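Structural characterization, general
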Amino acid sequence: MELTGILALALTAAFSAVALRKYAPETSVVIAVAAGAVILLELLSHLSPELQEIRSLLSQAGLDGSYGAVLLKTLGVCFVCQFTSDACRDAGQTALASKVELAAKLSMLIIALPLLKGILHTAAELLTKG
């Protein structure tokens with residue numbers, strides 16, 4: 001699906017959800033979440049070549065593959081949690097959406113801890129040699 005198809009799907013779903021909100025609020029939320037899921041899956045299906053390019057750039061720069069893994073994991077957490085948070089907001093659950101965002105931030109911190117450990121280890125080695 002091209003960008004124009006994604007935009008058309010989003011607009012159609014948005015107008016349908018708004019039109020149904022007064023008469024069938026549950027259906028309105030389902031339409032919005034389903035359209036969001038279809039768009040997210042479509043975008044993720046086109047992500048593979050770009051992920052390979054990121055891996056290639058990291059290897060050309062001589063960086064360890066763990067840097068790319070951390071980047072990709074945090075990017076995945078961002079996408080999934082943003083989608084979930086937006087779906088919660090669409091359903092009128094702003095407090096729940098905030099908790100999802102907090103969980104995303106903590107998950108990204110946990111994912112990045114090995115990277116931080118490596119940086120601190122390298123810094124300690126430089127200090128002891130200098």
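Everything that follows concerns the structure shown earlier in this document.
These figures come from a predicted structure and were not determined experimentally.

Turning our attention to the overall build of the chain. Within the chain, the regular secondary structure consists of five helices and zero strands. The N-to-C order of helical and strand elements in the chain reads α-α-α-α-α. Taken against the 2.2 N^0.38 rule, which gives 14 Å for 130 residues, the C-alpha radius of gyration of the chain at 20 Å runs more than 25% over that of a compact globule. Counting only C-alpha atoms, the chain reaches 70 × 35 × 15 Å along its principal axes. Relative to its full complement of 130 residues, the chain shows a buried share of 18%. Distance from the positive charge centre (9 side chains) to the negative charge centre (10 side chains) of the chain: 10 Å.

For the rest of this paragraph, the subject is the nonpolar core. If you look at the biggest cluster of nonpolar residues, it comprises eight residues: Val 70, Val 77, Cys 81, Cys 88, Ala 97, Val 100, Ala 104 and Ile 111. Ile 111 has contacts with Val 70, Lys 73, Thr 74 and Val 77, leaving out every residue within four places of it along the chain.

Bringing the layout of surface pockets into the picture now. Volume-wise, the largest pocket comes out at about 280 Å³. As for the largest pocket, its lining consists of 13 residues, and the residues nearest its centre are Ala 32, Ala 35, Gly 36, Phe 83 and Asp 86. At the level of elements, α1 (3–21), α2 (25–45) and α4 (65–90) are the ones that each hand at least two residues to the lining of the largest pocket. A per-element tally of the lining of the largest pocket places α2 first, with six residues. Residues of the lining of the largest pocket, tallied by class, amount to 10 nonpolar, one polar and two charged.

What follows covers the side chain of Glu 42. Within the fold, Glu 42 resides in helix α2. Relative accessible area serves as the criterion here: at 17%, Glu 42 is assigned to the buried category. Not counting chain neighbours up to four residues away, the residues in contact with Glu 42 comprise Met 1 and Ile 6.

Let's shift gears to a nonpolar patch on the surface. On the surface, Leu 102, Leu 106, Leu 109, Ile 110, Leu 113, Leu 116 and Leu 120 cluster together into a nonpolar patch covering about 680 Å² of accessible area. With respect to the secondary-structure elements, Leu 120 resides in helix α5 (residues 94–129).

Scoring rules and cut-offs
- Here the residue index of a chain counts from 1 through its sequence in written order.
- Where local features are concerned, this predicted model is filtered to residues with pLDDT of at least 70; where side-chain atom pairs are given and counted, the filter is 80 or more; whole-chain, interface and lining totals use all residues.
- Excluding hydrogens and water, the side-chain values take into account all heavy atoms of the structure.
- Numbering of helices and strands runs from the N terminus; a helix is a DSSP stretch of H or I covering at least four residues, while a strand is a stretch of E covering at least two.
- The globule rule used here is 2.2 Å times the number of residues to the 0.38 power, and the radius of gyration it is set against is calculated over C-alpha atoms.
- For the exposure calls, accessible area comes from a 1.4 Å probe over protein chains only, and a residue counts as buried if that area is under 20% of its type's maximum, exposed if over 50%, partly exposed in between.
- Residues counted as positive are Lys and Arg, residues counted as negative are Asp and Glu, and His and the chain ends are not counted.
- Where a charge sits is defined by one atom per residue type, namely NZ (Lys), CZ (Arg), CG (Asp) or CD (Glu).
- In plain words, nonpolar cores are sets of buried Ala, Val, Leu, Ile, Met, Phe, Trp, Tyr and Cys residues tied together by side-chain atoms within 4.5 Å.
- What makes two residues a contact is simply this: any of their non-hydrogen atoms within 4.5 Å.
- The rule is simple: put a 1 Å grid over the protein atoms alone, call a set of points where a 1.4 Å probe fits but cannot get out a cavity, call an open set with protein on both sides within 12 Å along at least five of seven lines a pocket, and count a residue as lining if it has an atom within 4 Å of a point.
- Grid points are joined across faces, edges and corners, and a volume is the space filled by probe spheres set on the points.
- Following the grouping adopted for this structure description, the nonpolar residues are Ala, Val, Leu, Ile, Met, Phe, Trp, Tyr, Cys and Pro, the charged ones are Asp, Glu, Lys and Arg, and the polar ones are all others, Gly among them.
- To count toward a patch, a residue needs a relative accessible area over 30% and no salt bridge; like charges are then connected within 9 Å, while nonpolar side chains (Val, Leu, Ile, Met, Phe, Trp, Tyr) are connected within 5 Å.
- Using a 1.4 Å probe, the Shrake-Rupley method yields the accessible areas, and only the shown protein chains count as cover for residues.
- Take a side-chain nitrogen of Lys or Arg and a carboxyl oxygen of Asp or Glu: if they are within 4 Å of each other, that pair is a salt bridge.

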